[in-house]
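# Observations on chain architecture
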Amino acid sequence: MTLSFETKRQLGYRLMMAPALLLMGAFIVFPAFYAFSLSLTNDALLGFAAKESSFVGLRNFTRLFGDPLFWNSLKVTLVFVIGSAVIGQFVLGFAAALCLQQPVKYKSIFNAIICLPNAVPEMVVGFLWISMYASGEYGTLNRIIAWFGIAPQQWLYTFPLFSIIIVNTWRGIAFSMILLTSGLAAIPKDIYEAARVDGATDKQIFLRITLPMMMPTIFLYLFISTVTTFAIFGLVYTLSRGGPANSTEILGIYIYNQSFTSFQLGYGAAVAVISLVVSMVLGLVYVRALKVEV
Amino acid sequence: MMQAQTHLEQATQKKAYLTLVAISFFCVIPFFWVLLAAFDPQATQFLSLPKELTAGHFYNLLVNESGVRWIFNSVLIVGLATLLTLVFAGFGGYALSRTSAWWKRPLLYAIILVRIVPPPALIVPVYKVMLWLNSAVNNVILTLTENVEQQILLSRIFSFVDGYLGLVLIHTAMQLPLAIWIMKTFFDAIPKDYEEAAALDGASQMQTVRRVLIPLALPGFAAAGLFAFINAWGDFLMPLMFTSSPELQTLPLGMFRAFLRVDAIDYGFLTALAVIYTLPAVIAFSFARKYLTQTFSGGVKG
């Protein structure tokens, strides 16, 4: 049996794909589907169900939809994503990108400083901000607000969700700045000149030229940042572990707590299924909306 | 008229400076504490100027405590994962770039979707998969040798739960989707003619790969490797789930556990550890920065 050159080459491509597909299949794709089947069982880490888990149909899901803690977690996740990725990082990153378009000095220094938080491992991010948020009059943030005559706050207790939004905003400015800068650089300069000659104001130029021309980049940014923020775990886990009183329990933390603190694997898997469905829907919408070319 | 123009420009520039200084202040301020406290003999949770400087915390971390072990584990696990990612993503990205088979398009779309699966959603099923693989591996180890010490050593290396192999492979799997995208994009930019010319000149397949493809795709490997390293180095979820014995602890876990000693948190120790853990990530990021835009927009636009 002899194989033609072309057949051999096609076989070669498949072989080259194999190791990567095997690993992603075993550790991402299969587990994602397996989450669906686990979510239909009463599997647990301890007790009877740990040895002999059984099929319970949609019971985990009916329990889930009746569980105020699940709705709370969904709401917290939504506020966290919108607050940090859609508003915080985007506004500050866009502002930084626009300012760096101006003929300012020390660009590379500003750039390096703004990028620094993005390079820090999430474990360390949590740790740095625990000191920033430290209570009492010596806490760094409390000392800063004291300049404005505001009394010391217990940040992580009084404004827990707001506090973790600030932390994630801090971490993500760089990414939004870098991506939006590349979008700004792609706008032809002569459009601006033509607009100025026609007497357009800065505000008009921003609203009528910059913003519309930036839309594809902004969508790309919003998609990537929404999806990555949705997947955050370590940053919030080190800062608050979901507390106090579930006020920062984003979906990732809720899944972890249900599965490994309450030991209810089946129920945890049901939450995971919701989280998988949400991100897949986001992904499909995105692929369709932007007509991703591959 | 001219003067009004420059006046306006100056005002815009002033606003730009103010905004940039404010954002930079926000970005840099959390770092002061960790940098000062790491060298302060009286380090606390609060930001303060040290009265004297000491390297004692680093000495303590590396000599008295298990700092060296944690660094070794982190470097070994993340280093091997990065290497494997590069090899598999190199092959995969090349195949995806060159093939015109029916599976090309579906696979590329599938990789986008795989890339956005949130890892916390996988913890329960992945935990199960790792347990199965773990018991399979340990059964094999038991048949290989009866020497208990050898069994322990082999199981430390090849176990999926509480072993090096499991952590290396799961990190590799998590970094592969992005790395394959990056490599595919870079291979797309290398004309097929180069390979064909090399083949016509009588180069073997291996020679073509070594002498032509790898050198041309080097920036792609650099970008893919840097991002794989940064992401795996910073990951906390996987080590948290699959490490329990102290011998296997990596830097993030060592730090997390040290922070859990609620009764007596040693801030000098922790900040020194944070500095050591953060430094490689910052260095890698400074190299990776220039690839960031082309990687992400490229990874999506193809």
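Reading the values: rules and limits
- Residues numbered from 1 in each chain as written.
- Chains lettered and ligands numbered in written order.
- Predicted model: local features only at pLDDT ≥ 70, side-chain atom pairs only at ≥ 80, totals over all residues.
- Heavy atoms only, no water.
- Helix = DSSP H or I, 4+ residues; strand = E, 2+ residues; numbered from the N terminus.
- Rg over C-alpha atoms; globule rule 2.2 N^0.38 Å.
- Contact = heavy atoms within 4.5 Å.
- Areas by Shrake-Rupley, 256 points an atom, 1.4 Å probe, with all protein chains shown as cover.
- Salt bridge = Lys/Arg side-chain N within 4 Å of Asp/Glu carboxyl O.
- Polar contact = N/O pair within 3.5 Å; in protein donor to acceptor, adjacent residues only side chain to side chain.
- pLDDT = per-residue confidence, 0-100.
- Phe/Tyr/Trp six-rings, centres within 6.5 Å; stacked < 30°, edge-to-face > 60°.
- Buried < 20%, exposed > 50% of the residue type's maximum accessible area, 1.4 Å probe, protein only.
- Lys NZ or Arg CZ within 6 Å of the ring centre and 35° of its normal.
- Core = buried A, V, L, I, M, F, W, Y, C linked by side-chain atoms within 4.5 Å.
- Axes fitted to C-alpha atoms, helices over the stretch in contact; angles between N-to-C directions.
- Parallel < 35°, antiparallel > 145°, perpendicular 65-115°, else oblique.
- Left-handed = near helix turned anticlockwise from the far one by under 90°.
- Nonpolar A, V, L, I, M, F, W, Y, C, P; charged D, E, K, R; others polar.
- Disulfide = S-S within 2.5 Å.
- Patch = residues over 30% accessible without salt bridge, like charges linked within 9 Å, V, L, I, M, F, W, Y side chains within 5 Å.
- Arc of directions from axis to C-beta.

## Digging into the overall build of chain B
Helix and strand counts for chain B come out as 14 helices and 0 strands. Ordered by position from N to C terminus, the α and β elements of chain B give α-α-α-α-α-α-α-α-α-α-α-α-α-α. Relative to its length of 302 residues, chain B is extended, with a C-alpha radius of gyration of 25 Å against a globular reference of 19 Å. In terms of overall dimensions, chain B has a C-alpha envelope of 85 × 65 × 35 Å along the principal axes. Considering only residue pairs separated by 6 or more positions, chain B has 69% of its internal contacts joining residues 24 or more positions apart. In the structure as shown, chain B presents an accessible area of about 14200 Å², 67% of it carried by carbon and sulfur atoms.

## What about the interface of chain A and chain B?
Facing the 97 residues of chain A at the interface are 97 residues of chain B. Where chain A touches chain B, the interface holds 1 salt bridge. The partner of Lys 128 of chain B in a salt bridge is Asp 43 of chain A, with the nearest N and O atoms 2.3 Å apart. Across the chain A-chain B interface, the total number found is 9 residue pairs in polar contact (both at pLDDT 80 or more). It is helix α1 (residues 5-38) of chain A that provides the largest number of residues to the side of chain A that touches chain B, a total of 20 residues.

## A word on the confidence of the model for chain B
Residue and element names in this part refer to chain B. The share of residues in chain B with pLDDT of 70 or more is 94%, and the mean pLDDT across the chain is 88. By mean pLDDT, the top-scoring element of chain B is helix α3 (residues 67-98) (96), and the lowest-scoring one is helix α14 (residues 292-301) (55). Contacts of residues 298-302 to residues separated by more than four positions or lying in other chains number 15 contacts, the stretch itself having pLDDT below 50.

## Examining the pattern of salt bridges
Residues and elements named next belong to chain B. Scanning all chains against the criterion turns up 5 salt bridges over all chains. Ionic pairing is found between Arg 156 and Glu 247, a salt bridge with its closest N-O pair at 3.8 Å. With Arg 156 in helix α6 (residues 148-158) and Glu 247 in the loop between α11 (237-242) and α12 (251-260), this residue pair connects regions lying 91 residues apart in the sequence.

## Details of the packing of aromatic side chains
Going through the model one piece at a time under the given rule, you end up with 37 aromatic pairs over all chains. Geometrically, the ring pair formed by Phe 65 of chain A and Phe 70 of chain A is edge-to-face, given 6.2 Å between the ring centres and 75° between the ring planes. In this structure Phe 70 of chain A comes out as buried when scored by relative accessible area, which is 1%. Seen from their ring centres, Phe 233 of chain A and Tyr 237 of chain A are 5.0 Å apart, and the 20° between their planes marks the pair as stacked. You'll find Phe 233 of chain A and Tyr 237 of chain A in the same group, each marked buried. Taken together through their ring pairs, the aromatic side chains of Phe 233, Tyr 237, Tyr 256 and Phe 260 of chain A together with Tyr 127, Phe 236, Phe 242 and Phe 256 of chain B make up a single cluster. Positioned above the aromatic ring of Tyr 267 of chain A is the side chain of Arg 63 of chain A, whose terminal nitrogen or guanidinium carbon lies 3.7 Å from the ring centre.

## Focus: the nonpolar core
Ranked by size, the top nonpolar core spans 189 residues in total, and within it Phe 27, Trp 129 and Tyr 256 of chain A together with Phe 242 and Met 255 of chain B carry the most contacts. Top element by residues in this core is helix α7 (residues 164-188) of chain B. It accounts for 15 residues.

## Some words on the packing of α1 of chain A against helix α14 (residues 265-289) of chain A
Residues and elements named next belong to chain A. Contact pair α1 / α14: the axes reach a minimum separation of 8 Å and the direction vectors enclose 130°. Here α14 runs oblique to α1, going by the angle between their axes. Note that α1 runs across α14; the crossing there is left-handed. Seen from α1, the contacting residues are Ala 32, Ala 35, Phe 36 and Leu 38; seen from α14, they are Gly 266, Ala 269, Val 273, Leu 276 and Val 277. Each residue belonging to the contact of α1 with α14 can be placed in one class, and the counts come to 8 nonpolar, 1 polar and no charged.

## Points about the side chain of Asn 118 of chain A
Mapped onto the secondary structure, Asn 118 of chain A falls in helix α5 (residues 107-119). Looking at Asn 118 of chain A, its side chain comes within polar contact range of the main-chain oxygen of Arg 171 of chain A, at 3.1 Å. With residues near it in sequence (within four places) discarded, Asn 118 of chain A still touches Arg 171, Gly 172, Ala 174 and Phe 175 of chain A together with Phe 285 of chain B.

## Focus: the confidence of the model for chain A
Of all residues in chain A, 96% attain a pLDDT of 70 or more, and the chain-wide mean is 89. The element-level mean pLDDT for chain A is lowest in helix α2 (residues 48-51) of chain A, coming to 66, with helix α4 (residues 68-101) of chain A highest at 95.

## Looking at the state of the cysteines
Following the criterion strictly, the structure yields 0 disulfides over all chains and no others. Here Cys 99 of chain A stays unpaired: no disulfide links it, and the sulfur of Cys 27 of chain B, its closest cysteine neighbor, is 13 Å away. There is no disulfide at Cys 27 of chain B, and the cysteine sulfur nearest it, in Cys 115 of chain A, is 8.8 Å away. Residue classification places Cys 27 of chain B among the buried residues on the basis of a relative accessible area of 0%.

## With respect to the packing of α14 of chain A against helix α4 (residues 104-115) of chain B
The interhelical angle for the contact between α14 of chain A and α4 of chain B, taken along N-to-C directions, is 135°, at an axis separation of 9 Å. Here α14 of chain A lies oblique to α4 of chain B, going by the angle between them. Taken as a pair, α14 of chain A and α4 of chain B cross one another with a handedness that is right-handed. Residue-level contacts link Met 280, Gly 283, Leu 284 and Val 287 of chain A of α14 of chain A to Tyr 109, Ile 112 and Leu 113 of chain B of α4 of chain B. Taken together, the residues of the contact of α14 of chain A with α4 of chain B break down into 6 nonpolar, 1 polar and no charged.

## Focus on a nonpolar patch on the surface
Residues and elements named next belong to chain A. Taken together, the side chains of Val 29, Phe 33, Phe 36, Val 277, Val 281 and Val 285 define a hydrophobic patch exposed on the protein surface, amounting to about 520 Å² of accessible area. Listing elements by their share of the nonpolar patch, those giving two or more residues are α1 and α14. Tracing the chain through its elements places Phe 36 in helix α1.

## Observations concerning helix α2 (residues 56-64) of chain B
The α-helix winds at 3.6 residues per turn, so residues separated by three or four positions along the chain end up facing the same way. Residue and element names in this part refer to chain B. Residues of α2 that are buried include every one of His 57, Phe 58 and Leu 61, and no others. Burial along α2 is one-sided: seen end-on, the buried residues are contained in an arc of 100°. Those residues of α2 that are exposed and aimed more than 90 degrees away from the buried face are Tyr 59 and Asn 64.

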